[in-house]
Amino acid sequence: AHHFSLDGVNRGGKARIKIHLEMCYRRNSFKSSRDRTLINPSVLHKVSLQTSNEKVIEKLKSAGVPITKAKKGIRVRIASSDLEKAGVMAEYLKKITGGILESKFSLGTLNIQHKPALVIPASNVLRGFYLPVLKGSKVVYDRVVKVKEEMRKETVYDLEVERTHNFVANGVLVHNSIYKFRGAAISNILGFLDTYPDAHQIVLTKNYRSPQPILDCAYRLIQFNNPDRLEFKNKIDKRLVAVKKDTAKVRFFHYDSVLSEAEGVAKLIQEKVTAGEYRWPDFAILVRANDDADPFLRALNMSEIPWRFSGNEGLYTQQEVKLLICFLRALVKLEDSISLYYLAASEIYQMPVRDLTMCMNLASKINRSLFYVFSHLNSLPELNEELSVEGRATVDKILKEIEDYLKKSVKISTGEIVYQFITKTGFLNRLTKNPSLKNEQKIKNIARFFELIQSASRILRDNKAAEFVNYLDLLIQAGDNPAVAEAELEADAVNVLTIHKAKGLEFSVVIMVSLINERFPSRFRHEAIPLPDELIKDILPSGDFHRQEERRLFYVGMTRAQRELYFTSAKDYGGKKTRKPSPFVLEALDLSPAGVPPFKYSALEVIERNAPQKIAEEASWRKISNDDIVTLSHLQIDDYLTCPLKYKYIHVLRVPILRHHAIIYGKALHDAVQGYYRHKIQGKKLSLEEVISCFENSWVNEGFISREHEEKRLEEGKITLIGFYQRAEHEDVIPSYIEEKFNFILNKDRIIGRWDRVDIIEDKVIITDYKSSQVDDKKKADERAKKSLQLAIYALAYYKIFGKIPNSVRLHFLENGLVGEVAPRERGFELTIEKIKQASRGIREGIFDSQPTYIACRYCPYQGICPDEDSKKYIG
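Just so we're clear, the structure is a prediction, and the values are computed from it rather than from any experiment.

K.L.:
Break down the overall build of the protein for me, citing the residues and quoting the values.
P.N.:
Of regular secondary structure, the protein possesses 31 helices and 24 strands. Looking at the protein as a whole, 46% of its 876 residues qualify as buried. The contacts in the protein between residues at least 6 apart in sequence include a share of 73% that link residues at least 24 apart. Carbon together with sulfur atoms contributes 51% to the accessible area of the protein, which is approximately 46,500 Å² in total.

See below:
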């Protein structure tokens, strides 16, 4: 690890390029109290560099690296929650630029952000350096005044701090590499007990989920991990005892082929639901890997059984998202024949397959792109008389629309281009007007893609389609493929998920499928650089470590079952090799391999598999029990009371919409104001320039009518902040809370939110919410505050949590500093509670009918896809 950079000064054509990798960089903010733990902090890793060297800048541009302007030259800044991907990106930038890589890690105590520290080995520490050390409960940077070498042997019990990998060694904060990818070493526990023999062990054996027959099978299985289990080593009894006294089924079906297995699973589920024993959501099909799910999903479709599949990743490969990516690539990379082919064949254009294949074959033959062939149909004699009228018309439509979008792409943002594409082509409309679980999942995946577009807009130099496509391709090359949108747990459908995803969940009936050897347990993959046993200080297991880990995972899958547990496998999964049942099944059920005859379907049943696939109409929502907790924010309550269908589009389907420029403007103002007050609470002072810089950093180039409109709003925001700053600097009161989260239970509803600002002055409580809208009259401001459901819920929340009614709740209009306020009264809470109950009742019942009114429809972002004809008269 270096202390200085060679060629550290730009001189003689040489340039210093330093790539910074900051591990555990966090996108979170200081809170009003340093002793309060952040809830679910977003832990990210950041890669960045800055340079003014023209040659390096050209290399970065050619490689498609997203860059933004800096005061001098350009800046690259990419954040990821995946440390491995961040590392790949850092190495990639190092390769492009020929620079050096500098690694840092950010310290955390109680999830509070601290300054980053350079990663260096202890042998490189010099006098004058500052090291992070623990003093009491605080992390401080202490100056190194003397360095001496001393050989010591110390034991550190690294119990692994989740996701951050920071720990304290003799008072010094250390960043820990991930040394185990499949679980903590048993030596951590065994060695700990050797060092601290008085430590008291508490063994938890009561099980409240599964009946005893399932627990006995699971215990029989896990015994095969002896003698490397903690129970065996420490001579304790961890046999689980069921609290439930129910009987339970544990059965194993071994089929002749995977098709028979998938159909058998679907038939089992269908029969039990038809008999009234269970509902669809009571079933879980657990697979070892995402790819194993395909035959079972097809079988469920054939049997008209609704399902929800919770995959770990693969957003870019989902049909609906792949369509949007191909549209963008076809737009900015006209030579990309594959993307244009996919677009032309999609449900949007539906070009006849014969015509499309002929065009593609000709493009390959003459070594031209498909776009060239489309553009020169009349001058290519090979196609003159071959293409159908429908094919030619489709080509003309595609070319015309690509030309139209191409012109717009240099003026409007990526998000706007994609939004116009899915709305003008009717793609989004078709998904929303044909409600099914499958279509709802497609909408959520599209919304997830829009979130990625929005995130990219913060780091791209120019938020246009061309730059976004280069950025996206770079991420995909680095192995990025984010998770698909999570399906709703309330959906009335069979659950299909990996065993890893099932951890912590429970289902009435669990069906573990594809249980064959070399799939579960999977094959062991050796480390790229194996570490010799002699260098490993951990207590090594005497048995097969990989198989033991797989057996533990199998145990997890078994113990998800509340009433019934089924194992399934098959002899034939394709290929010449006959597959054997998983040894874990035989261990759990105490069976011999010879005692497992495969179940075989009749010849007629095999023939019927080839019948046309039925398209199931999937239920998209089930009623939520009055015993279940429903979490609601003031926005959700307000949206439902305004129009239940609008609530469904926003909060259930998450139908993507273009962000309005007023939202961008308001959020940027809000972030600047909160930044000012957060520093003020800490006794720090932000200059006006820093407040405006915070405003600019929060700004996103989306939803504006034109560049001139955006520039105008930027200037208006700066003028607003100047006025705010001058007023705030003369305030004597320091806020008690800024951006403080709250939640409270009302019957079976959890109400959540966040107070912008709370002032507690002696016994007086004032709650303030900042608004960017324009109000010029004090009377109107007071009327807005009086009618605000948001303020009413804020006041109710304070009363429920602290037992005190706030003295005043206020709307502070930032444009001119005008304040509208109202004094809450206890009798007013009854109306607020009734509104919450009204929204909760409708949401629990799944009542999402439209309620057209002039105000609701006139300003609804879903005007174009609303099915209610009565709403049209209000829209005009």
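K.L.:
Go over the packing of aromatic side chains, please, and point to the residues and values.
P.N.:
All told, the structure shown has 26 aromatic pairs when counted by the stated rule. Connected via pairs of aromatic rings, a cluster forms that spans Tyr676, Tyr677, Phe724, Tyr725 and Tyr770. The residue whose ring lies beneath arginine 519 is tyrosine 573, and the NZ or CZ to ring-centre distance is 4.7 Å. The ring of tyrosine 665 is capped by arginine 713, whose NZ or CZ atom sits 3.8 Å from the centre of that ring.

K.L.:
So, a nonpolar patch on the surface: which residues are in play, and what are the values?
P.N.:
A contiguous nonpolar surface patch, about 390 Å² in accessible area, is contributed by Tyr854, Ile855 and Tyr859. Considering the arrangement of structural elements, one finds isoleucine 855 in helix 30 (residues 854–858). A residue is classified by how much of its surface remains accessible, and isoleucine 855, at 55% relative accessible area, is exposed.

K.L.:
If you had to explain the sheet that holds strand 14 (residues 283–287) to someone new, which residues and values would you point to?
P.N.:
With respect to topology, six strands assemble into an open sheet ordered 13-18-17-14-16-15, the strand pairing being parallel. The open sheet has two edge strands, strand 13 (249–257) and strand 15 (307–310), and neither has a second partner. Across the sheet, the mean angle from the axis of one strand to that of its neighbour is 20°, orientation sign disregarded. With four bridges joining them, strand 15 and strand 16 (residues 494–498) adopt parallel strand pairing. Residue pairing for strand 16: tryptophan 307 is matched across the bridge by valine 494. On top of the sheet, helix 4 (residues 212–222) reaches strand 13 and strand 18 (561–572); it is set at about 50° to strand 18, its chief contact. Taken strand by strand, helix 19 (residues 545–558) contacts strand 14, strand 17 (507–512) and strand 18, and its axis lies near 130° from that of strand 18.

K.L.:
So what's going on with the side chain of serine 569? Which residues, and what values?
P.N.:
Turning to its location among the elements, serine 569 is positioned in strand 18. Residue classification places serine 569 among the buried residues on the basis of a relative accessible area of 0%. Apart from the residues within four sequence positions on either side, serine 569 is in contact with Phe252, Phe253, His254, Tyr255, Glu261, Leu515, Ile516 and Pro581.

K.L.:
Help me get a handle on the packing of helix 6 (residues 258–274) against helix 7 (residues 294–302), residues and values and all.
P.N.:
Two measures define how a pair of helices packs: the angle their axes make with one another and the distance between the axes. Interhelical geometry of helix 6 versus helix 7 gives an angle of 50° and a closest axis separation of 8 Å. Classified by the angle between their axes, helix 6 and helix 7 sit oblique to one another. Where helix 6 crosses over helix 7, the two elements pack in a sense that is right-handed. Of helix 7, the residues touching helix 6 (which contributes Val258, Glu261, Ala262, Glu263, Val265, Ala266 and Ile269) are Pro295, Phe296, Ala299 and Leu300. Partitioned by chemical class, the residues of the contact of helix 6 with helix 7 number nine nonpolar, no polar and two charged.

K.L.:
So, the pattern of salt bridges: which residues are in play, and what are the values?
P.N.:
When the charged atoms of two side chains with opposite charge come close together, those side chains can pair. Using the criterion set out here, one finds 34 salt bridges in the structure. One salt bridge connects arginine 757 with aspartate 759, and the closest N-O pair in it is separated by 3.0 Å. Summarising the burial analysis for this pair, arginine 757 and aspartate 759 share the class buried. Salt bridges sharing common partners tie together Lys18, Glu102 and Lys104.

K.L.:
Let's hear about the environment of phenylalanine 427: which residues, and what values?
P.N.:
Here phenylalanine 427 shows up in helix 15 (residues 427–433). For phenylalanine 427, a relative accessible area of 2% corresponds to the buried category. Placed 79 residues apart in sequence, phenylalanine 427 and isoleucine 348 show a C-alpha to C-alpha distance of 6.8 Å. Apart from the residues within four sequence positions on either side, phenylalanine 427 is in contact with Glu320, Leu323, Glu347, Ile348, Ile422 and Ile446.

K.L.:
Could you give an account of the nonpolar core, naming the residues involved and the relevant values?
P.N.:
Phe374, Phe421 and Phe449 are the most contacted members of the largest nonpolar core, which has 66 residues in total. Excluding its chain neighbours within four sequence positions, the residues that come into contact with phenylalanine 374 are Leu340, Ala344, Met351, Leu356, Cys359, Val395, Ile398 and Leu399. Of all hydrophobic cores here, the second largest spans 37 residues; its members include Leu632, Val765, Leu789 and Leu811.

K.L.:
Can you explain the packing of helix 24 (residues 661–681) against helix 26 (residues 707–728)? Please cite residues and give values.
P.N.:
In contact at an axis separation of 11 Å, helix 24 and helix 26 are set at 30° when each is read in the N-to-C sense. Looking at the two axes, helix 24 sits roughly parallel to helix 26. Handedness of the helix 24/helix 26 crossing: right-handed. Along the contact surface, helix 24 presents His661, Tyr665, Leu669, Ala672, Val673, Tyr676, Tyr677 and Lys680, while helix 26 presents His709, Arg713, Glu716, Gly717, Thr720, Leu721, Phe724, Tyr725 and Ala728. For the contact of helix 24 with helix 26, the residue count by class is 10 nonpolar, four polar and three charged.

K.L.:
Let's hear about the pairing of strand 18: which residues, and what values?
P.N.:
Within strand 18, nine of the 12 residues are buried, leaving the element largely enclosed by the surrounding structure. Two elements, strand 13 and strand 18, share eight bridges in a ladder whose sense is parallel. Residue pairing across strands places phenylalanine 253 opposite threonine 568, the latter belonging to strand 18. The pairing of strand 17 with strand 18 spans five bridges and is classified as parallel.

K.L.:
Account for unusual backbone geometry, with residues named and values stated.
P.N.:
For the bond from phenylalanine 520 to proline 521, the omega torsion is 15°, close enough to zero to count as cis. Locating proline 521 in the fold gives a position in the loop between strand 17 and helix 19. Phi is positive for glutamate 739, which is not a glycine, with a value near 55°. Looking at the element boundaries, glutamate 739 is found in strand 20 (residues 737–746). According to the relative accessible area criterion, glutamate 739 is buried, its value standing at 14%. If you check the backbone angles, asparagine 747 has positive phi at about 60° while not being a glycine.

K.L.:
Tell me about helix 26, and please be specific about residues and values.
P.N.:
Counting along an α-helix, one turn takes 3.6 residues, and residues three or four places apart therefore face a common direction. With 22 residues, helix 26 extends 31 Å between its outermost C-alpha atoms, agreeing within 8% with the 32 Å of an ideal straight helix rising 1.5 Å per residue. His709, Glu710, Arg713, Leu714, Gly717, Lys718, Thr720, Leu721, Gly723, Phe724, Tyr725 and Ala728 are the residues of helix 26 that are buried. Turning to helix 26, the residues buried within the fold contact helix 24 and helix 25 (688–698).

K.L.:
Residue-level account of the environment of methionine 360, with values.
P.N.:
Within the element layout of this structure, methionine 360 appears in helix 10 (residues 353–365). Excluding residues that lie within four positions of it along the chain, methionine 360 makes contacts with Ser337, Ile338, Tyr341 and Leu370.

K.L.:
Before we move on, can you summarise the confidence of the model for the protein with the specific residues and values?
P.N.:
Per-residue pLDDT for the protein has a mean of 80; in total, 81% of the residues score no lower than 70. Low confidence marks residues 6–12, where pLDDT is under 50. Its contacts with residues over four positions away, or in another chain, come to eight contacts. For residues 613–620, every residue scores under 50 in pLDDT, and the model assigns this stretch 24 contacts once sequence neighbours within four places are set aside.

K.L.:
So, the environment of valine 241: which residues are in play, and what are the values?
P.N.:
Turning to its location among the elements, valine 241 is positioned in strand 12 (residues 241–242). Taking the C-alpha atoms as reference points, valine 241 and lysine 206, separated by 35 residues in sequence, lie 5.1 Å from one another. Not counting chain neighbours up to four residues away, the residues in contact with valine 241 comprise Thr205, Lys206, Asn207, Gln212 and Leu215.

The rules we used
Residues numbered from 1 in each chain as written. Predicted model: local features only at pLDDT ≥ 70, side-chain atom pairs only at ≥ 80, totals over all residues. Heavy atoms only, no water. Helix = DSSP H or I, 4+ residues; strand = E, 2+ residues; numbered from the N terminus. Buried < 20%, exposed > 50% of the residue type's maximum accessible area, 1.4 Å probe, protein only. Contact = heavy atoms within 4.5 Å. Areas by Shrake-Rupley, 256 points an atom, 1.4 Å probe, with all protein chains shown as cover. Phe/Tyr/Trp six-rings, centres within 6.5 Å; stacked < 30°, edge-to-face > 60°. Lys NZ or Arg CZ within 6 Å of the ring centre and 35° of its normal. Patch = residues over 30% accessible without salt bridge, like charges linked within 9 Å, V, L, I, M, F, W, Y side chains within 5 Å. Salt bridge = Lys/Arg side-chain N within 4 Å of Asp/Glu carboxyl O. Pairing = 2+ DSSP bridges. Axes fitted to C-alpha atoms, helices over the stretch in contact; angles between N-to-C directions. Parallel < 35°, antiparallel > 145°, perpendicular 65-115°, else oblique. Left-handed = near helix turned anticlockwise from the far one by under 90°. Nonpolar A, V, L, I, M, F, W, Y, C, P; charged D, E, K, R; others polar. Core = buried A, V, L, I, M, F, W, Y, C linked by side-chain atoms within 4.5 Å. Expected span 1.5 Å × (residues − 1). pLDDT = per-residue confidence, 0-100.

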